[in-house]
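Remarks on the overall topology
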Amino acid sequence: MAIKLYDAVPSSNSDRVKIALNEKGLAYDRVSLNLARRDQKKPEFLKLNPYGKVPVIDDGGKILFESCIINEYLDEKYPNPPLMPKDPYLRARGRILVDYGMNYLHTTYFALRDEFFFKKEGERDQKLIADKQRELRGMLGYLEEALGEKDYFLGEFSLTDVDLWPRFGRLEDYGALPTPALPRLGAWIQRMKARPSIKALVGQKPIY
Ligand SMILES: N[C@@H](CCC(=O)N[C@@H](CS)C(=O)NCC(=O)O)C(=O)O
């Protein structure tokens, strides 16, 4: 039985799980929620995820939520190809980089995202946008250093790249990237976009 994925389009957190599924060649059936209609807060969905958010997976009756935790589950349950290094330090290091990209950037990222997501072009606060873009570029310096001369954050392609990617795709849409100050991240973005697992998401529509 194929894995069932409750998603939304657009949903960067759902994209994170789709990339991991695609990298592993796992088939999945999508059930799309309409977030504007608040499908995610309906009692039947809250039984699956008390947070009322997508993504959620149902793997043969096993229900999981939280995209990064789902991805670790997928990697352990379906180990080929492996998406986590064996070395304990690298595994921990990868989780720290994801925590940095998700939690440390969170408030600034969402201030910028809300301008683009909820407002029409003429209504946006251009000063706030420029300030948040600058702040984010400053914070991203740490990830630029962490990437260094490597193709991927931990050397080999891993869940660290998968988990970080969706936010980076959006940072391009919101004008924070690319920037000449962060050339390694710029090259990594291009490398990520070339992966079939990510190309497969372009133009995806909800499935109701
Ligand atoms: N930490 C969660 C975040 C999930 C999340 O915020 N999902 C968004 C869509 S990208 C959502 O469902 N938003 C609807 C809501 O909060 O009501 C994860 O990584 O899965």
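Residues numbered from 1 in each chain as written. Predicted model: local features only at pLDDT ≥ 70, side-chain atom pairs only at ≥ 80, totals over all residues. Heavy atoms only, no water.

Grouped together as the largest cluster of nonpolar side chains are 47 residues, with contacts concentrated most on Leu74, Leu140, Phe153, Phe168 and Trp188. Here the element with the most residues in this core is helix α6 (residues 126-147); it accounts for seven residues. The residues that make up this core include at least three from each of domain 1 (3-82) and domain 2 (88-195). Apart from residues no more than four positions distant in its own chain, Leu74 is found in contact with Ile3, Val17, Ala20, Leu21, Lys24, Leu26 and Ile57. Of all hydrophobic cores here, the second largest spans seven residues; its members include Ala8, Leu33, Val54 and Val56. (Core = buried A, V, L, I, M, F, W, Y, C linked by side-chain atoms within 4.5 Å. Buried < 20%, exposed > 50% of the residue type's maximum accessible area, 1.4 Å probe, protein only. Helix = DSSP H or I, 4+ residues; strand = E, 2+ residues; numbered from the N terminus. Domains from an automatic or database assignment. Contact = heavy atoms within 4.5 Å.)

With that settled, the discussion passes to the site of the ligand. Close contacts around the ligand come from Ser11, Ser12, Asn13, Leu35, Gln40, Lys41, Gly52, Lys53, Val54, Pro55, Glu66 and Ser67, and that covers them all. Side-chain polar atom of Glu66 to a nitrogen atom of the ligand: 2.8 Å apart, as the coordinates give it. In the shell around the ligand, the residues fall into three nonpolar, six polar and three charged. (Near = heavy atom within 4 Å. Polar contact = N/O pair within 3.5 Å; in protein donor to acceptor, adjacent residues only side chain to side chain. Nonpolar A, V, L, I, M, F, W, Y, C, P; charged D, E, K, R; others polar.)

Tallied over the entire structure, the rule returns twelve aromatic pairs. Their ring planes at 90° and their centres at 5.2 Å tell us that Phe117 and Phe118 sit as a pair that is edge-to-face. On the accessibility criterion, Phe118 (57% relative accessible area) is exposed. Through pairs of rings, three or more aromatic residues link up here, namely Tyr109, Phe110, Phe116 and Tyr174. Taking the ring centre of Phe117 as reference, the NZ or CZ of Arg113 above it sits at 4.4 Å. Positioned above the aromatic ring of Phe157, the side-chain terminus of Arg195 is 3.5 Å from the ring centre. (Phe/Tyr/Trp six-rings, centres within 6.5 Å; stacked < 30°, edge-to-face > 60°. Lys NZ or Arg CZ within 6 Å of the ring centre and 35° of its normal.)

In short, the description is geometric, and any link to function would need to be established separately.
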